[in-house]
Amino acid sequence: MNIKDNLKKIIDSIPEKVTLVAVSKTKPIADLQEAYDAGQRIFGENKIQEMVDKYDALPKDIKWHMIGHLQSNKVKYMAHFVDLIHGVDKLKTLVEINKQAKKHDRVINCLIQARIAKEDTKFGLTFKEIETILTSEKTAELKNINIVGFMGMATFTDDTAQLSEEFSSLETFFKTQKEKTATLNCNLEVLSMGMSGDYQLAIENGSNMIRVGSSIFGSRN
Ligand SMILES: *Cc1c(COP(=O)(O)O)cnc(C)c1O
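Note that the structure is a prediction, hence the values are computed from the model and not measured. (Residues numbered from 1 in each chain as written. Predicted model: local features only at pLDDT ≥ 70, side-chain atom pairs only at ≥ 80, totals over all residues. Heavy atoms only, no water.)

(A) Focus on the overall build of the chain. Summing up its helical and strand segments, the chain has nine helices and nine strands in all. The C-alpha atoms of the chain give a radius of gyration of 17 Å, which matches the 17 Å a tight globule of 221 residues would have. Residue burial in the chain is summarised as follows: out of 221 residues, 52% are buried. Sequence-distant contacts in the chain: of pairs separated by 6 or more residues, those separated by 24 or more amount to 59%. Here the chain has roughly 11,000 Å² of accessible surface; of this, 50% comes from carbon and sulfur atoms. Put simply, the chain has 30 plus and 30 minus side-chain charges, and the middle of one group is 5 Å from the middle of the other. (Helix = DSSP H or I, 4+ residues; strand = E, 2+ residues; numbered from the N terminus. Rg over C-alpha atoms; globule rule 2.2 N^0.38 Å. Buried < 20%, exposed > 50% of the residue type's maximum accessible area, 1.4 Å probe, protein only. Contact = heavy atoms within 4.5 Å. Areas by Shrake-Rupley, 256 points an atom, 1.4 Å probe, with all protein chains shown as cover. Lys, Arg positive; Asp, Glu negative; His and termini not counted. Charge placed at Lys NZ, Arg CZ, Asp CG, Glu CD.)

(B) Layout of helix H3 (residues 48-57). Among the residues of H3, Ile 48, Met 51, Val 52, Lys 54 and Tyr 55 are the ones counted as buried. The buried residues of H3 occupy an angular sector of 170 degrees when projected down its axis, which confines them to one face. Seen from the buried face of H3, the exposed residues on the opposite side, beyond 90 degrees, are Asp 56 and Ala 57. On its buried face, H3 sits against helix H2 (29-37), strand E2 (42-45) and strand E3 (63-66). (Arc of directions from axis to C-beta.)

(C) Inspection of the UniProt feature "modified residue: N6-(pyridoxal phosphate)lysine" (unreviewed entry) in the chain at higher detail. Per the UniProt record, "modified residue: N6-(pyridoxal phosphate)lysine" (unreviewed entry) is annotated on Lys 25. For Lys 25, the location among the structural elements is in the loop between strand E1 (19-23) and H2. Other than its neighbours up to four places away in sequence, Lys 25 contacts Gly 44, Glu 45, Asn 46, Glu 50, Lys 54 and Arg 220. (UniProt positions renumbered as here; feature names shortened; annotations may be inferred.)

(D) How the structure looks around unusual backbone geometry. Phi angles above zero are rare outside glycine, and Thr 26 is one such case at about 70 degrees. Positive phi, close to 55 degrees, is recorded for Asp 105, a residue that is not glycine. Mapped onto the elements, Asp 105 comes out in the loop between helix H4 (91-103) and strand E5 (108-114).

(E) Seen up close, H2. Here H2 has its buried residues at Asp 31, Leu 32, Ala 35 and Tyr 36. When H2 is viewed along its axis, its buried side chains cluster within an angular range of 140 degrees and face the same direction. More than 90 degrees from the buried face of H2, the exposed residues found are Ala 30 and Asp 37.

Encoded structure:
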């Protein structure tokens, strides 16, 4: 199967309201161009330098999503074009994104990364920590960011009961926070959950944005 067919197969299998982020990390420009020619406009990368290089080389109507773990000192390299940053897990990072967005007179959309996996992982915040950020006065001052939702990565497992439990825990939290927090720079609409192996299950449990790499572009080395 080629990239175009892979994309079509996924798009045909998901509801229209679910946004597909084509995760193109490590893949050559030619592969992204092929996906672009098939109509794909949202791409996800996990390294800032790689995303900048691809941004420079490809059509400018592409929306670039940063899905990797963020180093604050590198935010400046993508602040002029990044469309959505998925992996925010520190107030300090939001402050830096705000600062860099302001320089470009932009508002940058962000997702807060929640820790939902039972396995040991360094990344993501507990629900309590997220609430602290959402209700902090410091956050409210950041006029050049918009917190548009949450991102979660489930445990790497075949246990569908466990995956469903992890996904639905974030959906429940998302729904309660959505009710509670609508402020100028926090409008929770996006729930980014699901990758090649588990996106159907993620959608069943409330995801409206999936990040799919290998099922589109083939496995990475
Ligand atoms: C690599 C990556 C994906 C895509 O993974 P696949 O299994 O190839 O679909 C999704 N989300 C994040 C955060 C990633 O780093």
